[in-house]
Amino acid sequence: MKILLLGIGNVLYADEGIGVHFVNYIQENYLFHHPEHQLDLIDGGTLAQGLIPTLCQYDYLLVVDTVNANGVEPGEVYFFDFDNAPAEIDWQGSAHEVEMLQTLIMMEMVGDRPKTFVLGVTPTVLEPMTLGLTPQIQAAVPLMERTLMNHFEQLGFSHTRRANIDINALIPDSYKRGLISDEEY
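Just so we're clear, the structure is a prediction, and the values are computed from it rather than from any experiment. (Residues numbered from 1 in each chain as written. Predicted model: local features only at pLDDT ≥ 70, side-chain atom pairs only at ≥ 80, totals over all residues. Heavy atoms only, no water.)

1. Structural notes on the packing of aromatic side chains
Logical step 1: Scanning the entire structure with this criterion turns up six aromatic pairs.
Logical step 2: A centroid spacing of 5.6 Å and a plane angle of 15 degrees characterise the contact between F79 and F117, whose relative ring orientation is stacked. You can see F79 sitting in strand β5 (residues 77-81) and its partner F117 sitting in strand β6 (residues 115-121), a full 38 residues away along the chain.
Logical step 3: The ring of Y58 has K2 sitting right over it, with the charged end atom 4.8 Å from the ring centre. (Phe/Tyr/Trp six-rings, centres within 6.5 Å; stacked < 30°, edge-to-face > 60°. Helix = DSSP H or I, 4+ residues; strand = E, 2+ residues; numbered from the N terminus. Lys NZ or Arg CZ within 6 Å of the ring centre and 35° of its normal.)

Listed below in structure tokens is the structure:
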């Protein structure tokens, strides 16, 4: 099975970049191993529909992004099957979030969408030209990390912590990253 961990977000809009920053953080800090499955990590930025040719090559997709949810505080972490999203998720967030939703729906319509899960966090600040994360979103990173590691373990992956790099140390270079395959580990 081919599995993709995809970080989505605009790194120039503060908390909206969490998906990209988080995938870069995971890539820098962990090695993953599975006897049969392939795991790739991609910084998808704000490409959404431009990612369709890549996404349809995978059997299983984990999207990391901001999610809007009614009646919750910033920094709340969600992990859910895309086909069974919690009722409070409203999908009316930023332009890239709406476009990613439309992309997944279009892929479903033509039968190309892989099994999809979402690891999301409710944002606080979406300000243009603000590189970095607010304290509430930084505080959510350990829970996001545990949630992802638990899910990978359920899929049969083992992992090794290879570094202990703080997510904030990666943010200034986040725009320089791209596809990271488990073959590079």
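2. A word on helix α4 (residues 135-154)
Logical step 1: Between its first and last C-alpha atoms α4 spans 30 Å; for 20 residues at 1.5 Å apiece the expected length is 28 Å, and the two agree.
Logical step 2: Where α4 is concerned, the buried positions are I137, A140, V141, M144, E145, T147, L148, M149, H151 and F152.
Logical step 3: Phi turns positive one or two residues past the end of α4, at G156, with a value near 95 degrees. (Expected span 1.5 Å × (residues − 1). Buried < 20%, exposed > 50% of the residue type's maximum accessible area, 1.4 Å probe, protein only.)

3. Points about the side chain of T66
Logical step 1: When you line up the elements, T66 lands in strand β4 (residues 60-66).
Logical step 2: Look at T66 and you get buried, because its relative accessible area is 2%.
Logical step 3: Of the polar contacts made by the side chain of T66, one reaches the side chain of D65; its length is 3.5 Å. (Polar contact = N/O pair within 3.5 Å; in protein donor to acceptor, adjacent residues only side chain to side chain.)

4. Focus on a nonpolar patch on the surface
Logical step 1: A surface patch of nonpolar side chains, amounting to about 400 Å² of accessible area, comprises L12, Y13, M129 and L131.
Logical step 2: If you trace the backbone, Y13 turns up in the loop between β1 (2-8) and α1 (18-29).
Logical step 3: Of the residues examined, Y13 reaches a relative accessible area of 31% and is grouped as partly exposed. (Patch = residues over 30% accessible without salt bridge, like charges linked within 9 Å, V, L, I, M, F, W, Y side chains within 5 Å. Areas by Shrake-Rupley, 256 points an atom, 1.4 Å probe, with all protein chains shown as cover. Salt bridge = Lys/Arg side-chain N within 4 Å of Asp/Glu carboxyl O.)

5. Digging into the environment of N10
Logical step 1: On the secondary structure map, N10 appears in the loop between β1 and α1.
Logical step 2: Spatially, the C-alpha atom of N10 lies 9.5 Å from that of L131, the residues being 121 residues apart in sequence.

6. Side note on the side chain of D15
Logical step 1: Looking at where D15 falls in the secondary structure, it is placed in the loop between β1 and α1.
Logical step 2: Here T134 takes part through its side chain, which lies 2.8 Å from a polar atom of the side chain of D15.

7. Let's talk about the confidence of the model for the protein
Logical step 1: Per-residue pLDDT for the protein averages 87, and the proportion of residues at 70 or more is 88%.
Logical step 2: Under a pLDDT of 50 for its full length, residues 179-185 has, in the predicted model, 20 contacts with residues more than four places off or in other chains. (pLDDT = per-residue confidence, 0-100. Contact = heavy atoms within 4.5 Å.)

8. Some thoughts on unusual backbone geometry
With glycine set apart, most residues show a phi of negative sign, and most peptide bonds adopt trans.
Logical step 1: Its identity as a non-glycine residue notwithstanding, A14 has a phi of 50 degrees, on the positive side.
Logical step 2: Mapped onto the fold, A14 is located in the loop between β1 and α1.
Logical step 3: According to the relative accessible area criterion, A14 is buried, its value standing at 2%.

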